[in-house]
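Close look at the chain arrangement
Spelled out, the chains give:
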Amino acid sequence: MNEEREGGFTLIELLIVMSIILMLSGFATLSLFGYRAAQDFEFDAERIVAAMRAAQQYSIVQEGGEVWGVCFHNDADPAQSDYYRITSLGVCPPAPGGEFPRVDLRGSEFTASVDKDKAVSFKKVSGLPDAQAPYITSVTIRERNGTRERTVSVDQNGVIIKL
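To keep things clear, this report deals only with the structure shown in the data block. These figures come from a predicted structure and were not determined experimentally.

Details of the sheet that holds strand β1 (residues 68-73)
Where strands meet in a sheet, backbone hydrogen bonds hold them as pairs that are either parallel or antiparallel. Taken together, the four strands give an open sheet; going across it, the order is β3-β2-β1-β5, and neighbouring strands pair in antiparallel fashion. At either end of the open sheet lies a strand with only one pairing partner, and these are β3 (103-104) and β5 (117-122). Across the sheet, helix α1 (residues 11-60) touches β1, β2 (83-88), β3 and β5, and the angle it forms with β1 is around 150 degrees.

Okay, structure coming up:
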């Protein structure tokens, strides 16, 4: 008896191919989660640099006749997210009405170097940092559930650097 075999794939071949596709998509999904967390962390650092540059520019042009700065809030409660905001008078907590909306950190948190409320403040016209107490000239963020850290600082010449 001659059995003719028609073209096509057997059920076992299809199951093997499907299992390989499922494993590859699982690995790709896991690697995307790590990529997203790393991107959120880097984005936080870039937004802090942008906020510090904006506050510096407001001080240089004497926006509203005020000194400007960035207030960093490190909440001791792990359920609350750390945040920062641009403020007039460069003080923490900000004066009523002299603030921009708060910006929550997405993929990171402030290290212990930011104790509760700290501010980076810039002098009028020159835009140089005010390094006298209670002001700070740098802030360090740490990746949530990670080991990487980034420090954003202002040197004595007013250059804002992300390390």
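Following the structure, the description resumes.
Overview of the nonpolar core
Grouped together as the largest cluster of nonpolar side chains are 22 residues, with contacts concentrated most on Ile-48, Met-52, Val-70, Phe-72, Tyr-84 and Phe-110. Among the elements of the structure, α1, β1, β2, β5, β6 (138-143) and β7 (149-154) are those that each provide at least two residues to this core. The biggest single contributor to this core is α1, with seven residues. When residues no more than four places from it in sequence are discounted, the contact partners of Met-52 are Val-70, Phe-72, Val-120, Phe-122, Val-152, Val-154 and Ile-160.

So, α1
The end-to-end C-alpha distance of α1, which contains 50 residues, comes to 72 Å, matching closely the 74 Å that a straight helix rising 1.5 Å per residue would cover. In the stretch just after α1, Gln-62 is the one whose phi turns positive, near 55 degrees.

Let's talk about the sheet that holds strand β4 (residues 108-110)
Across the sheet, which stays open at both edges, the four strands sit in the order β4-β6-β7-β8 with antiparallel pairing between neighbours. A strand with exactly one partner marks an edge of an open sheet, and here the two such strands are β4 and β8 (160-162). Each adjacent strand pair in this sheet contributes to an overall mean axis angle of 20 degrees, direction not counted. With three bridges joining them, β4 and β6 adopt antiparallel strand pairing. If you follow Glu-109 over to β6, its bridge partner there is Arg-142.

Points about the environment of Arg-85
Note that Arg-85 resides in strand β2. Taking the C-alpha atoms as reference points, Arg-85 and His-73, 12 residues apart in sequence, are found 8.6 Å from one another.

Re the pairing of β2
Across the six residues of β2, six count as buried, placing the element largely inside the fold. Side-chain alternation along β2 places Tyr-83, Arg-85 and Thr-87 on one buried face and Tyr-84, Ile-86 and Ser-88 on a second face that is also buried. Where β1 and β2 come together, six bridges link them in antiparallel fashion. When the sheet's bridge partners are listed, Phe-72 is paired in β2 with Tyr-84. As defined by bridge partners, β2 adjoins β3 across two bridges and the pair is classed as antiparallel. Paired with Tyr-84 across the two strands is Val-103, which belongs to β3.

Thoughts on a nonpolar patch on the surface
Taken together, the side chains of Ile-12, Ile-16, Ile-20, Met-23, Leu-24, Phe-27, Leu-30 and Phe-33 define a hydrophobic patch exposed on the protein surface, amounting to about 920 Å² of accessible area. If you trace the backbone, Phe-33 turns up in helix α1. Overall, Phe-33 belongs to the exposed group, its relative accessible area being 59%.

The rules behind the values
Residues numbered from 1 in each chain as written. Predicted model: local features only at pLDDT ≥ 70, side-chain atom pairs only at ≥ 80, totals over all residues. Heavy atoms only, no water. Pairing = 2+ DSSP bridges. Helix = DSSP H or I, 4+ residues; strand = E, 2+ residues; numbered from the N terminus. Contact = heavy atoms within 4.5 Å. Axes fitted to C-alpha atoms, helices over the stretch in contact; angles between N-to-C directions. Core = buried A, V, L, I, M, F, W, Y, C linked by side-chain atoms within 4.5 Å. Buried < 20%, exposed > 50% of the residue type's maximum accessible area, 1.4 Å probe, protein only. Expected span 1.5 Å × (residues − 1). Patch = residues over 30% accessible without salt bridge, like charges linked within 9 Å, V, L, I, M, F, W, Y side chains within 5 Å. Areas by Shrake-Rupley, 256 points an atom, 1.4 Å probe, with all protein chains shown as cover. Salt bridge = Lys/Arg side-chain N within 4 Å of Asp/Glu carboxyl O.

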